[in-house]
Amino acid sequence: MSAALRLGTRKSLMATTQSQFVADRLTGLTGRDVELVGITTFGDVTKAHLTQLGGTGVFVSELRGKLVDGGIDFAVHSLKDLPTAVDERIVIAAILPRDDPRDALVSNAKLADLPSGSKIGTGSPRRVAQLRALRPDLDYLPIRGNADTRIGKIASGEFDGVVLAAAGLERIGRDSEISEIFDVDAMLPAPGQGALAVECLASRTDLIELLGVLDDPRTRAAVTAERSVLAALEAGCAAPVGAFASGDGHILNLTAVVVAADGVRSVRKSASGPPSAAMDLGRDLAAAMIAEGADTLMGEQSH
Ligand SMILES: NCc1[nH]cc(CCC(=O)O)c1CC(=O)O
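Residues numbered from 1 in each chain as written. Predicted model: local features only at pLDDT ≥ 70, side-chain atom pairs only at ≥ 80, totals over all residues. Heavy atoms only, no water.

**Here's the deal with the side chain of Ser-78**
Relative to the helices and strands, Ser-78 resides in strand 3 (residues 74–78). For Ser-78, the contacting residues outside a window of four places in its chain are Gln-18, Arg-171, Ala-195 and Leu-196. (Helix = DSSP H or I, 4+ residues; strand = E, 2+ residues; numbered from the N terminus. Contact = heavy atoms within 4.5 Å.)

Okay, structure coming up:
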């Protein structure tokens, strides 16, 4: 009998739910026991607005630290929270089959039916800009806290609606409160949204092979293309960048957008290619977007 593998997780409901899901799946596929180890991250305790925390990776660095110091064997992250910058000590051993990649409105009405001036909570420049294109007459206000806390601000009257990832709402069992799920064409998701990534130390080759049973190559190709756009734009998870790729295993279709804060001006492009060249597909699309002024639009919003 081998010892239980230690899976490091943030303590929020969403994080523990998705970590337990991955643990159960791994045990089901390999017979190995998995034990959850709860870890508090800086991103969980800080009161600062996420876009002021220096961009990407606030939820990730402590978990990586625990991998490096041997406190845990592997970690589960929402892929969209993972910085695109490579950390040589760490590998993404698996990317699980993607859940719903779309953004959702939690409210008592659809976006089109909300009264003018309604208060919508979202701190994501990507969401605000795309929402502004759909409803320029609503008020978009920053909101902090985990998904439960944010949804609670509707009941308290502080907000008329909040926009969150459909996948996250499903994971915490709040999807019945969704009034509208946005089509990816109207609201391009964040690169990697809805996909879970499993990380471990690059030196643990046996573990990498074990965790590989969780990997879904089709999801991996899609999110690789999306994240390649983000990397080539030198942008992070707080950037006004949306990207979504999907495919049938033979051809990958990728669409990406950079939106100005006003939601009016944007650079949007699509391209297709073989899944094996997902990285190039994203990088070339980003280059074409930069040629059309995408970096100027992003530069306007940098702090
Ligand atoms: N930045 C927080 C975060 N990271 C991943 C998700 C949702 C779940 C996912 O995309 O896998 C969320 C919440 C949200 O954006 O609504």
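Now that the structure is up, let's keep going.
**Some remarks on the sheet that holds strand 4 (residues 90–95)**
Taken in spatial order, the five strands line up as 2-1-3-10-4 in an open sheet, and their pairing is mixed. Among the strands making up the open sheet, the edge pair consists of strand 2 (34–38) and strand 4. Mean inter-strand twist for the sheet, computed between neighbouring axes without regard to direction, equals 35 degrees. By the bridge criterion, four bridges tie strand 3 to strand 10 (residues 196–201) in an arrangement that is antiparallel. Of the residues in strand 10, the one forming a bridge with His-77 is Ala-197. Its contacts with the sheet put helix 3 (residues 61–68) on strand 1 (5–9), strand 3, strand 4 and strand 10, and the angle it makes with strand 10 is roughly 35 degrees. (Pairing = 2+ DSSP bridges. Axes fitted to C-alpha atoms, helices over the stretch in contact; angles between N-to-C directions.)

**A short note on the site of the ligand**
Residues in close proximity to the ligand include Met-14, Ser-78, Lys-80, Asp-81, Arg-127, Leu-164, Ala-165, Gly-168, Arg-171, Gln-193 and Gly-194, which together make up its full environment. Arg-127 is positioned such that a nitrogen or oxygen atom in its side chain is 3.0 Å from an oxygen atom of the ligand. Ala-165 is positioned such that a nitrogen or oxygen atom in its backbone is 2.8 Å from an oxygen atom of the ligand. When the free accessible area of the ligand is taken as 390 Å², the share hidden by the protein chains comes to 86%. When grouped by side-chain class, the residues that make up the shell around the ligand number three nonpolar, four polar and four charged. (Near = heavy atom within 4 Å. Polar contact = N/O pair within 3.5 Å; in protein donor to acceptor, adjacent residues only side chain to side chain. Areas by Shrake-Rupley, 256 points an atom, 1.4 Å probe, with all protein chains shown as cover. Nonpolar A, V, L, I, M, F, W, Y, C, P; charged D, E, K, R; others polar.)

**So, the environment of Gly-117**
Relative to the elements of secondary structure, Gly-117 occurs in the loop between strand 5 (103–107) and strand 6 (119–121). Taking relative accessible area as the criterion, Gly-117 reaches 40% and is therefore assigned partly exposed. C-alpha of Gly-117 to C-alpha of Gly-28: the two residues are 89 residues apart in sequence and 50 Å apart in space. (Buried < 20%, exposed > 50% of the residue type's maximum accessible area, 1.4 Å probe, protein only.)

**Let's talk about the domain arrangement of the chain**
As far as domains go, the chain holds domain 1 (1–96 + 195–215), domain 2 (103–181) and domain 3 (216–303). Across the boundary between the two partners, domain 1 contributes 16 residues, which contact twelve residues of domain 3. Buried area between domain 1 and domain 3, both sides added, is near 1200 Å², and the carbon and sulfur share of it is 59%. At the surface where domain 1 touches domain 3, the tally comes to one salt bridge. Between Asp-215 and Arg-220 there is a salt bridge whose closest N-O contact spans 3.0 Å. Inspection of the region where domain 1 meets domain 3 yields six residue pairs in polar contact (both at pLDDT 80 or more). (Domains from an automatic or database assignment. Buried area = accessible area lost by both parts, 1.4 Å probe. Salt bridge = Lys/Arg side-chain N within 4 Å of Asp/Glu carboxyl O.)

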